[in-house]
Amino acid sequence: MNWLTDFVKPKLNSLVNRKDPPSDLWTKCGCGERMLYVSDLKENLHVCSYCDQHMYIDFESRFKQLFDDEKFELIEIPIENNDPLKFKDLKKYTDRLKDAQQKTKQKDAAHVATGQIGGTTICIFLLDFKFMGGSMGQYVGEAFKIGCQKAVELNCPFISIASSGGARMQEGLVSLMQLPKTVAACNLLDQNKIPFISILTHPTTGGVSASFAMLGDIIIAEKGSMIGFAGKRVIEKTINEQLPEDFQTAEYLLEHGMIDIVVHRKELRETLSKVLSFLKK
Ligand SMILES: [Zn+2]
């Protein structure tokens, strides 16, 4: 027990009749410049007003930003997350899932929605980083496939928005099987001549960057995003060479022809509108 915080502070507060402010009013950016007021940050699409860093944005805010009139319809993913390997490390995987579900109020990391952007019907698949680092297991792979099938059914362009640490290691081989599964779903889009726009956000790494995320007909990345397969230090140690400072950034990938466009989050909707109208022609 801390005497100052547990005894003295409540006493003083009761004397001046003051309550502690709610802790979710303010947040911090990695630049550590100043505290950010959460409602201002939301207004600013979760971009730091001091250093312009594109911070985490939840799936609902993202959908609202992109779809016309903030209107969209979520597609249900009719599978349950399960634990094929009965995996346990420090904690059981089933407990980790439950914790993540309670914390994020989401069933798993993937969401699929349909709506319109600039009047064009669109199907969007999105990974939410807050749910176990946006990692890809059975549920996420299935959601991606359902998103692609929906785009084929509606004969509309398909957009994927990734932010992920990669495959969900607690599902072992089953999570690795999602790589060919999502690649097969991309093939389905291709066979049906459905345009596929892949948007990479901070961070897109591991099994997600090694599968569907890099297969878009057009690949757009948000400014400053870290995109890669293995971490920079791992690669440096493997090849025994020092890598450039900006290695694995969106800007570096653009310079080296790996992606097509780097965009500021505030211009993402407009860029998509332009690309979609171009594709329509
Ligand atoms: Zn900042």
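Below you will find a few notes about this structure. None of these values were measured; they are calculated from a predicted model. (Residues numbered from 1 in each chain as written. Predicted model: local features only at pLDDT ≥ 70, side-chain atom pairs only at ≥ 80, totals over all residues. Heavy atoms only, no water.)

Scanning the entire structure with this criterion turns up 12 aromatic pairs. Each ring, one from W26 and one from Y37, has its centre 5.0 Å from the other, and the planes form 45°; the classification is tilted. Remark: Y37 occurs in strand β2 (residues 36–37) and W26 occurs in strand β1 (residues 26–27); sequence separation between them is 11 residues. For W26, a relative accessible area of 45% corresponds to the partly exposed category. One aromatic cluster is present, built from ring pairs that chain together F125, F144, F158, F196 and F212. (Phe/Tyr/Trp six-rings, centres within 6.5 Å; stacked < 30°, edge-to-face > 60°. Helix = DSSP H or I, 4+ residues; strand = E, 2+ residues; numbered from the N terminus. Buried < 20%, exposed > 50% of the residue type's maximum accessible area, 1.4 Å probe, protein only.)

It is worth spelling out the pairing of strand β4 (residues 110–117) at this point. Most of β4 is tucked away: 7 of the 8 residues are buried. Strand direction decides the pairing type here: β4 and strand β5 (residues 120–127), joined by 8 bridges, are antiparallel. Counterpart to H111 in the pairing with β5 is L126. Where β4 folds back onto β5 in an antiparallel hairpin, the turn is made up of 2 residues, including G118, whose phi is positive at roughly 55°. (Pairing = 2+ DSSP bridges.)

As a further point, take a nonpolar patch on the surface. Taken together, the side chains of L25, W26, M35 and Y37 present a nonpolar region at the surface, about 370 Å² in accessible area. Locating M35 in the fold gives a position in the loop between β1 and β2. Taking the relative accessible area as the measure of exposure, M35 reaches 42% and is therefore partly exposed. (Patch = residues over 30% accessible without salt bridge, like charges linked within 9 Å, V, L, I, M, F, W, Y side chains within 5 Å. Areas by Shrake-Rupley, 256 points an atom, 1.4 Å probe, with all protein chains shown as cover. Salt bridge = Lys/Arg side-chain N within 4 Å of Asp/Glu carboxyl O.)

Note that all results are geometric; they support no functional claim without further evidence.
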